[in-house]
Structure formats: C-alpha cells, structure tokens
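Analysis of the macromolecular model
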Amino acid sequence: MAEDEPTRAPSTTPATRPRPRPTPAASAAAEYFDRPAPKATEPPPARPALPPRRRRQGAMGAVAAALPAPLRETLEAVGGMYSMGAASLYGLGSDVVRGRFQFAEFTERSWFLVNATLLPAMLVSIPLGVAIALQVGALAAQIGATSFVGAADAIGVLREASPIVTALLLAGVGGSAVCAELGSRTIREEIDAMIVLGLNPLRRLVAPLLVAGIFASALLNLVVIFVCIFSAYVFDLAALHGTKGSFFGSFTQFATMSDFVTSEIKASIFGITAVLIASYKGLNARRGPTGVGEAVNQAVVITGIVLFGLNLIITEIFFAVVPQRTF
C-alpha cells in the first residue's frame, strides 16, 4: 500500500519562502512613497522696507541738499548753462581746428537772427534817439548848454542804450524763436535721435548759434547806434534849432574809440548770453507744447534780468580800467 501512494513535494512555509530581490525602480518608488509628509511651514516674514539709497555726497552736496528748493533749482540751472556753454565752446574750438565747423548752420542762423531783429531794432532806435535828444535838449536849454546835445546823445547811446536795446531785441525776438525751435525738437525727440545717431547737439546746433549770436548782436549794435544818433541829429536840427557844427563838435569831443569798443564788447557778451539762455531752456523743455511755451517765457524774463546785471558789472569794469577824459 505504501508503494502505491503518490509522492508529494515537500511543503514550504512562508517563513522559509525566498523573497524576490527588489529592483532599483521599485526601491526608489517605495522610498518616495514611504517618506514622511512635509510639515506645513509659515511664509517667511516680510523684510522691513529699506530707506532709499542715498548718493555719496561731499560737503558741497550736503550744503546743496540743505538749501531751499527754488534756490537749489536756480543754482542747478546756472551750473547747467555754464556746463553747456563750456562744452559748446570747447566743441567749437575743436571743430575750427579740425576744419569741421558748421559754416552752413552758422550762416543760416546768422541770417535768421539778423532778419528777425533788424526791422524791430530800427523801429525802436528812432524814438529812443528822439527821446534822448528831447530830454537832454530840454535840460541843456535851461542851463544854456544846447551845444552839448550831441555829446550827451553819443555817451548815452554808445555806452548804455544801444547794447541794451540790441540784447533785449535779440532775446525777445531771436532768442524766443531759437528757444521755441529747440524746444519743439526736444519734445519731438529729434535731439534724442541725434544722440542715438552719434551726433553731438551742442556742436551741431548750439555752437553755431553762439557764434551767430555774437555776429548778429555786433551788427545790430552798429545799426542801433547809427539810427539813434541820426534821429537825434535830425530832431536837434528840426525841433531844438541846433547847428550841425555844435552837434558833431561835442560828439567827437566827448565820445572816444574806447566807448565804441566797449559798446561792441557789451553787445557781443549780451548776444551770446541771450542765445545761451534760450538754447538751454529750449533743450530742457518738457511736458509737450505747454512746456515749450513756458520755456520761451522763462528764457525772455531770465535774459532781461541777467542782461541788466551784466551791464552794471561791465560798466563798473569799464570805468575802473579805461581812464576818463578830463576837460
């Protein structure tokens, strides 16, 4: 009977059953799923707002920061005009030495300034000469010195009247037009386009304008002197019953070549100052057409104030340097 029973394979228990060796992928998955869940963390606290970064300032910077805003803006404008004028004159000298001066721009600007201010200068000079002759003639008649009308007219016109009239007309007519043109170019971003193209606006636009201002002011000063003296001469003969000899005799006796040279120097300085202020205001115009109009108004007002101050300084220097004639 024992031989007829089938043989059975030996039974294996779970304790003795061999476990399959896990694959690397299965080990990585088990390690990923068996890891503890991350703890919920609070968001990091917000950093305190830092004060704005301050520029390193020296003693002058600290003093400038302590000044009132209007005074600080005025000083910044003066420094900006000085820097622009120095850079323009340096570029002008460099272009003249290298033969790159913009003669076409200079000619065009000179013609524009002279053409715009010539007729107003003549129209203002006629009543100015008559007014000087009338006031001086009335005073001379009271003291019995009617022969000195020509001398007073020559001194008043040459030393004071003609340079001031020339500069004010150049600032009011030519300077306002220059400021408006440069301001319109600035708000249309033409100046920025020139800079992107590698062109220097100070050399291309401002430097020829400065030379044109000197040339136009010197020429207009001659016109104002001639028209003022001629109108005073005609009025003296027609209304005050003066003589030709007494007018021109006193004129040549008191007026000297130094007066004429000083008048031309004054006019040239006033002309370059008016053009410089107009150019600075035009290149710094902002806020569209409204800003251009404000820049033009500011240029005219500032030019008038600066010119009277310069006139006082130059007159004091003239009396201190040039000896006066004694009779």
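All of the points below concern the structure found in this document. Once a new chain begins, its residue numbering starts again from 1 and follows that chain's sequence as written. Residue-level local features of this predicted model are given only where pLDDT is at least 70; pairs of side-chain atoms are given and counted only at 80 or more, and the full residue set underlies all totals for whole chains, interfaces and linings. Only heavy atoms go into the side-chain values, all of them from the structure, while hydrogens and water stay out.

For any pair of aromatic rings, the description rests on two quantities: the centre-to-centre distance and the angle between the ring planes. Two rings belonging to Phe, Tyr or Trp (six-membered ring only in the last case) form a pair when the distance between their centres is within 6.5 Å. Interplanar angles under 30 degrees mark stacking, angles over 60 mark edge-to-face geometry, and anything in between is tilted. Applying the stated criterion across every chain, the model contains 2 aromatic pairs. Seen in terms of ring centroids, phenylalanine 106 and phenylalanine 215 are 6.2 Å apart; in terms of plane orientation they differ by 70 degrees. Their pairing is edge-to-face. In this pair, phenylalanine 106 sits in helix α4 (residues 103–143) while phenylalanine 215 sits in helix α7 (residues 201–238), placing the two residues 109 residues apart along the sequence. Ring plane angle 10 degrees and centroid distance 6.0 Å describe the contact between phenylalanine 226 and phenylalanine 230, whose orientation is recorded as stacked. Here phenylalanine 226 and its partner phenylalanine 230 are both found in helix α7, 4 residues apart, which amounts to about one turn of the helix. Throughout, exposure labels follow a simple rule: accessible area from a 1.4 Å probe, protein chains only, divided by the maximum for the residue type, with under 20% read as buried, over 50% as exposed, and the rest as partly exposed. Residue classification places phenylalanine 230 among the partly exposed residues on the basis of a relative accessible area of 48%. Under the scheme used here, helices are H or I runs from DSSP no shorter than 4 residues and strands are E runs no shorter than 2 residues, and both carry numbers assigned from the N terminus.

This brings us to the packing of α7 against helix α9 (residues 257–283). Working convention: axes come from line fits to C-alpha atoms, limited for helices to the stretch in contact. Angles between N-to-C directions cover 0 to 180 degrees. At their nearest, the axes of α7 and α9 sit 8 Å apart, and the two run at 145 degrees to each other. Crossing of α7 over α9 shows right-handed handedness. Touching Leu202, Val206, Leu209, Leu210, Gly213, Ile214, Ser217, Ala218, Asn221, Leu222 and Ile225 of α7 are Phe260, Ser263, Glu264, Ala267, Ser268, Gly271, Ile272, Val275, Leu276, Ser279 and Leu283, all from α9. Here the nonpolar group is Ala, Val, Leu, Ile, Met, Phe, Trp, Tyr, Cys and Pro; Asp, Glu, Lys and Arg are the charged ones; every other residue, Gly included, is treated as polar. Here the contact of α7 with α9 is built from residues that sort into 14 nonpolar, 7 polar and 1 charged. In this scheme, a crossing is called left-handed if the near helix is turned counterclockwise away from the far one by less than a right angle; it is called right-handed if the turn is clockwise. Note on contacts: a residue pair qualifies if any of its non-hydrogen atoms lie within 4.5 Å across the two residues.

Over its 38 residues, α7 runs 53 Å from end to end, which matches the ideal 56 Å to within 8%, given 1.5 Å per residue. Within 3.5 Å is the distance limit for a polar contact, defined as a pair of N or O atoms, with the added protein rule that one can donate a hydrogen and the other accept it, and that residues adjacent in sequence qualify only through two side-chain atoms. Between a side-chain oxygen at the N-terminus of α7 and the backbone nitrogen of leucine 202 the separation is 3.1 Å; the capping residue is asparagine 200. To estimate the expected span of a helix, count its residues, drop one, and scale the result by 1.5 Å.

Residues that lie three or four places apart on an α-helix share one face, since the helix turns once every 3.6 residues. Compared with an ideal rise of 1.5 Å per residue, which puts 27 residues at 39 Å, α9 spans 39 Å between its outermost C-alpha atoms and is within 8% of the ideal. Here α9 lies mainly inside the structure; 20 of its 27 residues are buried.

This paragraph deals with the pattern of salt bridges. The salt bridge definition used is simple: a Lys or Arg side-chain nitrogen within 4 Å of an Asp or Glu carboxyl oxygen. In this structure the tally under the stated criterion is 6 salt bridges. In this structure, arginine 109 and glutamate 105 form a salt bridge, with 3.0 Å as the shortest nitrogen-oxygen distance. Taken together, the positions of arginine 109 and glutamate 105, both in helix α4 and 4 residues apart, correspond to about one turn of that helix. Pair check on accessibility: arginine 109 and glutamate 105 agree, each one buried. Here arginine 185 makes a salt bridge to glutamate 190, at a shortest N to O gap of 3.8 Å. A relative accessible area of 21% places arginine 185 in the partly exposed class.

This part is about the nonpolar core. As used here, the term nonpolar core means buried Ala, Val, Leu, Ile, Met, Phe, Trp, Tyr and Cys residues forming a set that is joined through side-chain atoms within 4.5 Å. Judged by nonpolar contacts, the single largest core of 34 residues is most densely connected at Met84, Leu113, Cys179, Leu182 and Leu283. Counting residues per element, the ones that place at least two in this core are α3 (69–98), α4, α5 (149–187), α6 (190–196), α7, α9 and α10 (288–321). Top contributing element to this core by residue count: α7, with 9 residues. Residue contacts for cysteine 179: discarding those within four places in its chain leaves Ala278, Lys281, Gly282, Ala295, Val296 and Ala299. Membership of the second largest hydrophobic core comes to 18 residues, among which are Ala121, Val224, Ile225 and Phe251.

Shape descriptors only; they carry no functional weight alone.
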